[in-house]
Amino acid sequence: FKMTAERIFDVLGHFKRYQACLYLAAAFQAIACGIHYLASIFLVEKPNFVCGVPDNITHVLYGNLTGSSLEELLPGFRPGTGPLVVRTAEGSQWELGQCSRSLRVAPADFTYQFQGNTTLRACDGNYVYDHSEIELNIVMDWGLVCDREWLAKLCQPTFMAGVLIGAVVFGDLADRIGRVKIMRFSSLCQFVLGVSIAFSGSYYVFMVLRFLLAMVSSGYLVVVFVYVTEFTGSKVRTWTSMHIHAFFAVGIMVVALTGYLVRVWWIYQIILSLCTSPFLLVCWMFPETPFYLISKRRYKEAQALLDSVARFNGLDHGPKVEELLVPEATENDKSLLQEMEAQPSRVEKKHSILDLFGTWRMAGRTCTVWAIWFIGSLGYYVFSLGSVNLGGNQYINLFLVGAVELPSYMVGCYLMDRIGRKKTCAPALLLAGVACMLIIVLPADIDALAIALSMTGKFSVAIAFGLIYLYTCELYPTIIRTLAVGSGSMMCRVGSVVAPFCVYLADVWVYLPQLIVGVLAFAIGLLTLLLPETLGQPLTNTLEEAEALGGSSNKCSGLCGKDEEAAMEMYQQETSIRA
């Protein structure tokens, strides 16, 4: 029995007015996912700070600089280069560091250098922050510095853990109760939870709400990939699926712009949550996809939907559901379904993740594919989260990180259908590795060069990250394709959880995150060259066919004219794993 629901788009059009309107509306909410994924960059950014003193300050010294308040000299203060020395109205003198302060014992004069004795005192939660970049964020609000700094650093990994759980939970629910219900629920929850975070009042409530927000944001991103591919034909599915990532990138740009304009964290959070609120006014009108309705045997609803789409697209009538369900006839005018019924039933073999490692060739392929998933996610978030540490204006840096993704997906779509999947993915990873290495070896005082190289790395990683979904579908046979993409997605989520910790290694050495990403990207790029090319090849059904990919006997047959359509049909099913 052959499923012929793909004929819908031969009649309705692969991407006409109805699909275009629905696509733009559904993809618009993906902006909110990009917003919430990266909003923490400014929420938990550690500002410059020093310990406070119990009395009013009258004079401040820092090297050969003088001032009358900490606010004057704090923006230029660099930890490790010496303390800030202050004198209070009562005459006491203090040497201030970030996590400690020392009281000078019986000073004769007020000078920067002091040869006498000092008494070390704890800060006792009394800190003075530099407000020149950020007026107020959660680090300042709840004192997440010194011995509490780890609480701030836990914010993004916890969010990514919520992304992982949300992808699993909502991906399964979407197949059970429908795509539209999950899209409506997750969109409403994104708005409610996003606004609620601004009024959380404590760190632990903030973390719980952010975790729940991560789950619903991930849930929407899971479903929207499936939703848009089930409303668009195979001729445009590469484009429509890849460019959901572009809307996500727009969300990153919105975070940068809002962070620049709004420097108080709870106002910043509210504005970001309101950005996509108009979607709530239209999402209730979204129809369920025809594929889902047909799969659930809701044929009358499916027929009504097809007729509505046809009228909106300027057609007299849509395809008949019963025609989509009729098995195709064979040469003997006997339906395939009857032939299958006549054949003795066979007990199907159950496959497990071990089948991905069934032979040495398949095991090597699986390890390489998993590595691409991992470095794609790790590199994507290291370049994004680490953009504020590049030097120069941190808001412009983050904006560029989002903006550079837009052309990367267009270039990726073009190259993967022209020169092939492998010949696009491998050079992209190699270029990302080279860019990271150049950031390390070139002069550190040239901020513009470091930013340009970082944007090049993000551009390259984004190409590989967007491409690997479809490439994985094509590398594995039908019987284990879901296992392959599902396991790859888990490696992707591992990369996203590890990424924040990798960024924090900049405290050990400023270039350590780039070194890790660069070495891994270059090595994995070389391994990618060993993978078979799948462009122009039909999808495989058995392990033997998949293992033979890239061999001399695996030439394009008469199926080549249909392989892209088949690949895209499978891609629409597999992208439900996207987090």
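About the criteria used
- The residue numbers shown here count from 1 along each chain, following its written sequence.
- The model is predicted, so local features are restricted to residues of pLDDT at least 70 and side-chain atom pairs to those at 80 or more, both for listing and for counting; the totals for chains, interfaces and linings are taken over all residues.
- With hydrogens and water set aside, each side-chain value is computed from the structure's full complement of heavy atoms.
- In these notes, a set of buried Ala, Val, Leu, Ile, Met, Phe, Trp, Tyr and Cys residues joined through side-chain atoms within 4.5 Å is what counts as a nonpolar core.
- Buried residues are those whose accessible area, probed at 1.4 Å on protein chains only, stays under 20% of the maximum for their type, while exposed residues exceed 50% and partly exposed ones sit between those limits.
- Per the convention used, a helix needs a DSSP run of H or I reaching at least four residues, while a strand needs a run of E reaching at least two, with both numbered from the N terminus.
- Within 6.5 Å between ring centres, the rings of Phe, Tyr and Trp (the latter by its six-membered ring) count as paired, and their orientation is classed by plane angle as stacked under 30 degrees, edge-to-face over 60, tilted in between.
- Placement of a charge over a ring requires the Lys NZ or Arg CZ to be within 6 Å of the ring centre, with the centre-to-atom vector within 35 degrees of the ring normal.
- Disulfides are defined as pairs of cysteine sulfur atoms found within 2.5 Å of each other.
- Pairing between strands is defined by DSSP: at least two bridges between the two strands are required.
- By convention in these notes, a salt bridge is any Lys or Arg side-chain nitrogen within 4 Å of a carboxyl oxygen on Asp or Glu.

Y37, F206, L221, I244, F248 and Y381 are the most contacted members of the largest nonpolar core, which has 136 residues in total. In terms of residues, this core owes the most to one element, helix α10 (residues 203-229), which gives 16 residues. Of all hydrophobic cores here, the second largest spans 18 residues; its members include L70, L74, V86 and W94.

With that out of the way, let us pick up the packing of aromatic side chains. Taken as a whole and assessed by the stated rule, the structure comprises 31 aromatic pairs. With centroids separated by 6.1 Å and ring planes inclined at 40°, the aromatic side chains of F49 and Y129 adopt a geometry described as tilted. With F49 in strand β1 (residues 49-51) and Y129 in strand β8 (residues 127-129), this residue pair connects regions lying 80 residues apart in the sequence. Judged by relative accessible area, which is 2%, F49 ranks as buried. Here the aromatic rings of Y127 and Y129 are separated by 6.3 Å at their centres, their planes lie at 45°, and the arrangement is tilted. A relative accessible area of 16% places Y127 in the buried class. Residue Y129 is classed as buried on the basis of its relative accessible area of 10%. Its guanidinium or amino end placed over the ring of F312, R17 lies 6.0 Å from that ring's centre, counting from NZ or CZ. Of note, K458 hangs over the ring of Y380, and the distance from its end group to the ring centre comes to 4.3 Å.

The next thing to look at is the state of the cysteines. Applying the stated criterion to the full structure yields 2 disulfides. With a sulfur-sulfur separation of 1.5 Å, C51 is cross-linked through a disulfide to C123. Here C51 is found in strand β1, whereas its partner C123 is found in the loop between β7 (118-121) and β8, with 72 residues between them in sequence. When sorted by exposure, C51 lands in the same class as C123, which is buried. A sulfur-sulfur separation of 2.0 Å characterises the disulfide bridge that pairs C99 with C146. The sign of the -100° torsion about the S-S bond sets the C99-C146 disulfide as left-handed. Here C99 is found in the loop between β5 (93-96) and β6 (101-104), whereas its partner C146 is found in the loop between α6 (138-142) and α7 (149-153), with 47 residues between them in sequence. No disulfide involves C436; its sulfur sits 9.5 Å from the nearest other cysteine sulfur, which is in C502.

In this structure, strand β2 (residues 57-62) lies alongside strand β4 (residues 84-88), joined through 4 bridges in antiparallel fashion. Bridging from a neighbouring strand, H59 pairs with R87 of β4. Alignment of β2 against strand β3 (residues 65-67), held across 3 bridges, turns out to be antiparallel. Counted as the bridge partner of L61 is T66 from β3. Hairpin connection between β2 and β3: a loop of 2 residues separates the two successive antiparallel strands, and G63 in this loop has a positive phi of roughly 65°.

The next point concerns the pattern of salt bridges. Counted under the stated rule, the structure contains 10 salt bridges. For K46, the salt bridge is made with E149, and the minimal N-O distance between the two is 3.4 Å. Of this pair, K46 sits in the loop between α4 (40-43) and β1 while E149 sits in helix α7, placing them 103 residues apart in sequence. A salt bridge links R298 to E301, with the nearest nitrogen and oxygen atoms 2.9 Å apart. Judged by relative accessible area, which is 41%, E301 ranks as partly exposed. Each member of the salt-bridge network shares a partner with another, and the members are K46, E149, K153 and D507.

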